[in-house]
There are 2 protein chains.
Amino acid sequence: MSILIKQVELNGKRTDIAIEGNLITDIGPLDDACFDTVIDGSYSIAVPAFYNCHTHSPMTLLRGYADDMELMDWLNNHIWPAEAKLQEEDIYWGTRLACMEMIHSGTVYFNDMYFLLSGTVRAVEESGLRATIGMFLNDAAPNRDMFIQEGKELWNRRDTLSKRIQLSIAPHAIYTCNEKTLRECAEMSEKYGIQLHIHVSETMFEFNQCKEQHGGMTPVEYLDTLGVLSERTFAAHSVHVRDHDMEILAARGVHCVFNPVSNLKLMSGLLPLRKMLDKGVSVTLGTDGTSSNNNLSMFDEMKVASLVSKLANNSPIGAQVDEIYKIATQAGAEASGLNAGVIEKGRLADIVLLDANSPQLTPSHNLVSNLVYSADTSCVKTVICDGRILMRDGFIEGEAEVIENARRCAKRLMAAARG
Amino acid sequence: MSILIKQVELNGKRTDIAIEGNLITDIGPLDDACFDTVIDGSYSIAVPAFYNCHTHSPMTLLRGYADDMELMDWLNNHIWPAEAKLQEEDIYWGTRLACMEMIHSGTVYFNDMYFLLSGTVRAVEESGLRATIGMFLNDAAPNRDMFIQEGKELWNRRDTLSKRIQLSIAPHAIYTCNEKTLRECAEMSEKYGIQLHIHVSETMFEFNQCKEQHGGMTPVEYLDTLGVLSERTFAAHSVHVRDHDMEILAARGVHCVFNPVSNLKLMSGLLPLRKMLDKGVSVTLGTDGTSSNNNLSMFDEMKVASLVSKLANNSPIGAQVDEIYKIATQAGAEASGLNAGVIEKGRLADIVLLDANSPQLTPSHNLVSNLVYSADTSCVKTVICDGRILMRDGFIEGEAEVIENARRCAKRLMAAARG
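Residues numbered from 1 in each chain as written. Chains lettered and ligands numbered in written order. Predicted model: local features only at pLDDT ≥ 70, side-chain atom pairs only at ≥ 80, totals over all residues. Heavy atoms only, no water.

(A) The arrangement of the interface of chain A and chain B in detail. Contacts between the two partners involve 60 residues from chain A and, on the opposite side, 60 residues from chain B. Between chain A and chain B, a total of about 4,900 Å² is buried, with carbon and sulfur atoms accounting for 60% of that surface. Among the ionic pairs, B:K303 bridges to A:D300, the shortest N-O distance being 2.8 Å. Where chain A meets chain B, there are 34 residue pairs in polar contact (both at pLDDT 80 or more). When contributions to the side of chain A that touches chain B are tallied by element, the ones reaching two or more residues are α2 (88-104), α9 (260-265), α11 (298-313), α14 (367-373) and α15 (399-418) of chain A. With 7 residues, the top contributor of residues to the side of chain A that touches chain B is α11(A). (Contact = heavy atoms within 4.5 Å. Buried area = accessible area lost by both parts, 1.4 Å probe. Salt bridge = Lys/Arg side-chain N within 4 Å of Asp/Glu carboxyl O. Polar contact = N/O pair within 3.5 Å; in protein donor to acceptor, adjacent residues only side chain to side chain. Helix = DSSP H or I, 4+ residues; strand = E, 2+ residues; numbered from the N terminus.)

Next comes the structure, spelled out in structure tokens:
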């Protein structure tokens, strides 16, 4: 299967992009006749896709179900009772809905942490996206043993999964997983070279509790003593990090995941992006789940990331738009072990075609600024992931079926949760 | 001209909406045969349109031209030199571009403050939107006399303008307009019953300077002594307001305009929305100009408004989604003297049809939450303003011409500004 994107705008010039298999194989003037599919790029701008480095995809089913509450009220009385009623079918259709929303908004990869994993796997296989699926662990949860069991089952069939799927070990957080579990996760991550995905220092409550319980150590310091921090670690949130924490994170090569909308919506705090980048910490971008966002748009996330970087820096100069754009694309891709996030020969064929005539992209003094501050889902026309066209001119196959089934599952779930 | 929107979802039920002339004339089961145009609403949700209560529409031409700088560097070295080179044709095409972007994102009205007003008027007349166009005054500007002159010319031909256009008197701010000017503006606003549009207490610099120069009075207190504050006054920004200021604003019936994205992007500060609403202050929503945003999407603005309301309240409970939605719709419309912002019989026919199958609107536990936190431009299908269909299924007449000319003007402007 080969694709030619003809006469598309790339880095300010018109050119052709060739895709063979799942790779970008050439850029420059090329002959139509050599390709299975030719896409007319005349009115399009080719840009890298987005890589969403922290989410809980099936939570789309809870979008708008409960907002604007104190954290524990929100979790205890709304989110957890609903989650307790989730079935594998809900996870499947919730993730299908998430995938569809991500494709529409130009995202081709997500780093997921949830449960009932066979539903997630099926949805990712069928959607055509890339994902890292976390084998979830939570020692504090009533379903602790079920989580371990389904992680094991998935691990045992890892060789049968699409190459677009990676597995990670995903202990929920330091306040829900004990030392033994965290050490074992670190060992598994090292032994098999897989990612370790964990919430780190999301709230001041977590930060202070850790210091109390672990001899004055911050969450980052504590995790470091357990051997959890490495270049395979994705530290979701990492909002409350002190200078010494940043030094550890940079030295270990940990990938922090900035989730600015969620951090404001739940009032978790302001990640010090400017300082983290200056200290050499690897930062990526994520949307978190839709319950605390409430969409999966990396456009929204970039805009709010830039605004939060100013707030945290107490200056209109926070992170620059090129830095924000990079954490949403290349940094996320490369941290996730994907040779992607830039459109060049030899990279994985993950490409977004934007409508060059979108009002939000006009005029084009600075395309990256327009992408960070102005663009939204409506600018995305066509999405290619792993050399396959997932959306063409706004059309995704099977969309109506996904919407219908997601609605049905959400309805049943609400009845069960309230009943 | 009459329109029937058939079988559309409105307030959770399917119904028909009748439009005759510029009014909503009936809601309920109606007969197709009686209408000039029938829109199939089967896959749509009808919602009120947005009312953007503070912007500088022609600044679309400067979108992405300069970002992320200290305010005075940004103004002195980038924005003002470019603005000095603007011609009437730029204003026309810049405003056409702004109107197109607003229509795409469901906005039917904007409250504008800029100059070279004949360009703005032409663009609004042709776009079909509603607007209040400010007769701009700035005693500190080199073009002071030109501003006065063009305001006068526009005022003299006010009876020839479309009924969709209102004129306001628009002194820039207390630090650029002297007492005499401000008093005269207040008199004109009272005498003719027109709006008075002014930047108020946008930055701490302005706040502190006012206290120094005016015997310890805040900008709101100072304006009150000049008689500037009334139910016709739109106080753009009003970020830095103390308890006494809020009491004055509430007592005078002033309409404050919250511009949360701009306030973060320029690091102006956090408007205390929860407190202002609790004190009975009338608050509306605006995008500010695209140089400090950088789009005109009221979806972005609502999401960030909610997030800022939490920050300012230091709690995950800030303003509730119904309150945020209201300031973007009904509150803005009614403050602007428009009998609109709600879809009911007898109101002006300003209606947005959303794509009910948008992933961002699925599932629909709470439509208003989905609109505030999840939706974006891509959810908007059809826009009706003043009983006229401005966009149908994503299509706006003349769009390509606007994009092309806006690009051309932006290019010439940059060459002139840099040259």
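Here the narrative resumes.
(B) The relation of the copies chain A and chain B, seen in detail. Rotating chain A by 180° and translating it 0.0 Å along the rotation axis places it on chain B, where the RMSD comes to 0.0 Å. Such values leave the two copies arranged in the relation of a two-fold axis. Closest approach to the rotation axis among the C-alpha atoms of chain A is made by A:S378, whose C-alpha sits 2.2 Å away. (Least-squares fit on C-alpha atoms with pLDDT ≥ 70 in both.)

(C) Broad picture of the packing of aromatic side chains. Residue and element names in this part refer to chain B. Going through the model one piece at a time under the given rule, you end up with 14 aromatic pairs over all chains. Considering the side-chain rings of F136 and F147, the 5.0 Å spacing of their centres and the 65° angle between planes classify their relative orientation as edge-to-face. One end of the pair, F136, is in strand β8 (residues 130-137); the other, F147, is in helix α4 (residues 144-156), with 11 residues separating them in the sequence. The residues F136 and F147 share a single accessibility class, namely buried. (Phe/Tyr/Trp six-rings, centres within 6.5 Å; stacked < 30°, edge-to-face > 60°. Buried < 20%, exposed > 50% of the residue type's maximum accessible area, 1.4 Å probe, protein only.)

(D) Focus on the sheet that holds strand β7 (residues 107-112) of chain B. Residue and element names in this part refer to chain B. Across the sheet, 8 strands lie side by side as β6-β7-β8-β9-β10-β11-β12-β13; this open sheet has parallel pairing. This sheet does not close on itself; its edge strands, each paired only once, are β6 (50-55) and β13 (282-285). In this sheet, neighbouring strand axes are inclined to one another by 25° on average, regardless of whether the strands run parallel or antiparallel. With 7 bridges connecting them, β8 and strand β9 (residues 165-171) associate as parallel partners. (Pairing = 2+ DSSP bridges. Axes fitted to C-alpha atoms, helices over the stretch in contact; angles between N-to-C directions.)

(E) Structural view of the sheet that holds strand β10 (residues 195-200) of chain A. Residue and element names in this part refer to chain A. Taken in spatial order, the 8 strands of this open sheet run β6-β7-β8-β9-β10-β11-β12-β13, and their pairing is parallel. Among the strands making up the open sheet, the edge pair consists of β6 (50-55) and β13 (282-285). The mean angle between the axes of side-by-side strands here comes to 25°, regardless of whether they run parallel or antiparallel. Pairing of strand β12 (residues 255-258) with β13, which is carried by 4 bridges, proceeds in the parallel orientation.

(F) Focus on the pairing of strand β12 (residues 255-258) of chain B. Residue and element names in this part refer to chain B. Burial along β12 is two-sided: H255 and V257 facing one way and C256 and F258 facing the other are all buried. Sheet analysis places strand β11 (residues 233-237) next to β12, joined by 3 bridges and oriented parallel. Residue pairing for β12: A236 is matched across the bridge by V257. Tracing the backbone out of β11, into helix α8 (residues 243-252) and back to the parallel element β12 gives a crossover that is right-handed. (Right-handed = clockwise from strand over helix to strand, strands pointing away.)

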